[in-house]
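# Analysis of the macromolecular model
Chain by chain, the residues:
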Amino acid sequence: MDIIITGLLLGGTYALIATGLNLQYGVARIMNLANGEMLVVGGFTAFALYTGAGISPVLTLFIVAPIAYALNWAIYRVMLRPLVKRAKSRGMLEQESILTTFGLSFTMVGLMLWIFGGSYFKYSFLARPFVLFGDNYGLNRIVAFLCAVIICGVLYLWLNHSRAGMAIRAVAVSPESARLVGIDVPKLSAHAFAIGGAVTAMGGAVISTFLTLDASTGVIFTMKALIIVIMGGVGDIRGTIIAALILGVGETLVASLINPGLTLAAAYGMFILILLFRPQGLFGRKPT
Amino acid sequence: MKRRTALKAAVAASAIVWAGAAFAADPIIVGAVAPKTGGLAGGSVVTHWPNIQLWAGEVNARGGLNVGGEMRLVEVIEYDDQTNPAETIKAITRLATQDNADIILAPYSTGLNIAAAPIMDKLGFPQITSTAATDQVGELSKQFPNMYFLLGSSSALANGAVNVMAEMRDKGEIGSRIAMVNVADAFGIELAAVAKPSFEAAGFEIVYETSYPLGTQDLSPIMKAAKAAEPDAFVAWSYPPDTFGLTEQAMIEDLNVKVFYTAVATAFPAYSAVFGPAAEGVMGIGGVNNGSADFLDYAARHEAATGQKPDYWASGMMYASLQILEQSIEASGTLDMAVINQYIKDHSFETVMGTIDFDENNNNASYWTVGQWQGGEFRGIASTGRDGAVAPVLKNGWK
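## Quick look at the domain arrangement of chain B
Think of interface size as the accessible area that goes away when the parts come together; that is how it is often given. All names here are of chain B. Entries for chain B in the domain assignment read domain 1 (5-153 + 291-368) and domain 2 (154-290 + 369-383). Taken over C-alpha atoms, the centre of domain 1 sits 30 Å from the centre of domain 2. Looking at the side of domain 1 that touches domain 2, the elements that each hand over two or more residues are α3 (41-47), α6 (110-123) and α14 (314-332). Looking at the side of domain 1 that touches domain 2 residue by residue, the class counts come to eight nonpolar, eleven polar and three charged.

## Thoughts on helix α11 (residues 240-253) of chain B
Residue pairs three or four apart in sequence face the same way in an α-helix, which turns once every 3.6 residues. All names here are of chain B. The end-to-end C-alpha distance of α11 is 20 Å, a good match for the 20 Å that 14 residues give at a rise of 1.5 Å each. Counted residue by residue, α11 has 14 buried out of 14 residues, so it is predominantly covered. Directly beyond the C-terminal end of α11, a positive phi value near 50° is found at aspartate 254.

## Regarding the sheet that holds strand β8 (residues 177-183) of chain B
Residue and element names in this part refer to chain B. Pairing is mixed across the open sheet formed by seven strands, whose spatial order is β9-β8-β10-β11-β12-β15-β16. Unpaired on one side and paired on the other, β9 (205-212) and β16 (377-383) mark the two borders of the sheet. The mean inter-strand angle of the sheet, taken between neighbouring strand axes irrespective of direction, is 20°. Strand direction decides the pairing type here: strand β12 (residues 283-285) and strand β15 (residues 368-374), joined by three bridges, are antiparallel. Note that in β15 the partner of glycine 284 across the bridge is glycine 371. Strand contacts of helix α8 (residues 154-170): β10 (233-237), β11 (259-262), β12, β15 and β16, with the helix running at about 55° to β15, the strand carrying the most contacts. Sheet strands in contact with helix α9 (residues 186-201) are β8, β9 and β10, and its direction is about 165° off that of β8.

Rules used throughout
The numbering scheme is per chain: residues are counted from 1 as the chain's sequence reads. Key to labels: chains lettered from A, ligands numbered from 1, both in the order written. Local features in this predicted model are restricted to residues of pLDDT 70 or higher, and side-chain atom pairs are both shown and tallied only at a pLDDT of 80 or more, whereas totals for entire chains, interfaces and linings draw on every residue. The start and end points of each domain follow an automatic or database-based domain assignment. Each helix corresponds to a stretch of at least 4 residues labelled H or I by DSSP, and each strand to a stretch of at least 2 residues labelled E; elements are numbered beginning at the N terminus. Under the convention adopted here, Pro, Cys and the residues Ala, Val, Leu, Ile, Met, Phe, Trp and Tyr are nonpolar, Asp, Glu, Lys and Arg are charged, and Gly plus all remaining residues are polar. In this analysis, the expected span of each helix is defined as 1.5 Å times one less than the number of residues it contains. Counting other C-beta atoms within 10 Å of a residue's own tells you its class, since 20 or more makes it buried, 12 or fewer makes it exposed, and anything in between is partly exposed; those C-beta atoms are placed from the backbone. Two strands make a pair as long as DSSP finds a minimum of two bridges between them. To define axes, lines are fitted to C-alpha atoms, for helices over the stretch in contact only, and angles between the resulting N-to-C directions are given on a 0 to 180 degree scale. Residue pairs qualify as contacts under a 7 Å threshold applied to their C-beta atoms, which are placed from the backbone.

Below, the structure is given as structure tokens:
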């Protein structure tokens, strides 16, 4: 029982890491390799506000989200829109956006070093035991899980039960056809990219309550997010959430029952299995 | 990345203050290579870089180094090696050939120092390592006669911890059940490999043992399993992110042990800043003599000059390595590295960490191995011949 709960808590964390990237890749078609850096920016903001002004990381979410939205919208308009315009095919856009965002990740690491320095950022927030069915869990992880549930839940409802959400899903499925029915694809893509960035930065703020971050750690999160998005299926939030939970529970099962040294192997093992038997991801559509 | 302009400005400013002899002489070019980005940046910005800033500032405020009667300012050229050994070697080569550095400082960490040893040896610069802990001191100093070691051997660091616990057990303060984990990286694997047979030889029973990959995001399965094994002592050969992570999990699981030991970063001031009173009684690798006036004075100057406290392990050794260079240059009155190297081998040095005298393997034989947070300070509790050790206390809960 405690393995399942620990795994679900970890899965919630992973969902926070990956959901934003799924929006950016699934809708805006930008494979954003600077995703992890955006997450670290969110974490650093939470750190600075908590240690400097005593503002709870949960409240920080409401500060981080609009700022990250604006920042990502600007990144999309300035850096990525020209690529989208000149790209002749989806493959070409992916290739160029990978290179551009790879460069962006270095720029962001450099900026964070300049502003925050290179040392480790860690603070203690709700590092208290929370008893559930007789076992102890970190209260900060429980809070993070609840944040993940709320953020992913709101996103899911919005995407599936609102007009704007439907338009975004339409762009995810087929940008060309979406244009034909009067959807402003460039505007929505920018919107989706910015929301994705905001979700990632909020994830970072939540994660910073229990993980130690430094300016160079972003790449670890980018890798995890990539695995989860590809496992879950590009452009589908449900897939990302379920893949994140599977990964969390799977890693915890292996760590608890076999050996903690094998968690990475387990994660990539699951990744390979899914690529072999369902290359489009759990909820992805088969390419027609 | 090169940060020459700011330092040039500083040099120029002090040159105006110290007009006269200093004006005439060229500055001494000091080359520094260490991580500012990459996996080890979080450690080097605590331990390595601030000391260079402090030392260069102090030397220039005094009017520079006295080289054969001439006062010469120091100008530091810094390169980021991105925690990549190939970049370390490239940067050292560049410092020697393009920047015409008069001195090149030893880089940061065990791995990067070993990677840099051949090129440093070829260029003839003394490589006074202050952040390298290895069991290959003998082989390395034989192969690279100008490589010096301040931090000690990994065996002694691991055995220091084993001995502290063995003494506590012999006094009846703790039982003999040990839970031991390590990060699956060269450092963690090497120390765990030394500690395991030592614990067993000392009559301890290892009731839980595992390793975990670097960057593990959830350490709770490890702490749950360790707790289930009901150990009397918990030992982790850990790196900074997992040192913080394991401590936090121990608090959450309310791990009830009499000894809680984590390795790298336990001696960082940030450790007590994060955990507050819960850090009390935690043991870690390293240590300093908090009773030494020299160290306290150094710590105060470090904080005043860089805005951050030194760590309680390798920071002082890093500064000591700069003091050794400074004393060798001033006493021998030259920048001829062959003369400097001979001087380092032949003499002993008074530093903020006490007297340092290299043995025939270029090894500093007396260093701190174990420290413990006591009363908000990380105090040395075991060493291989340093003065000022305090008695260990039992870990008493996490409140």
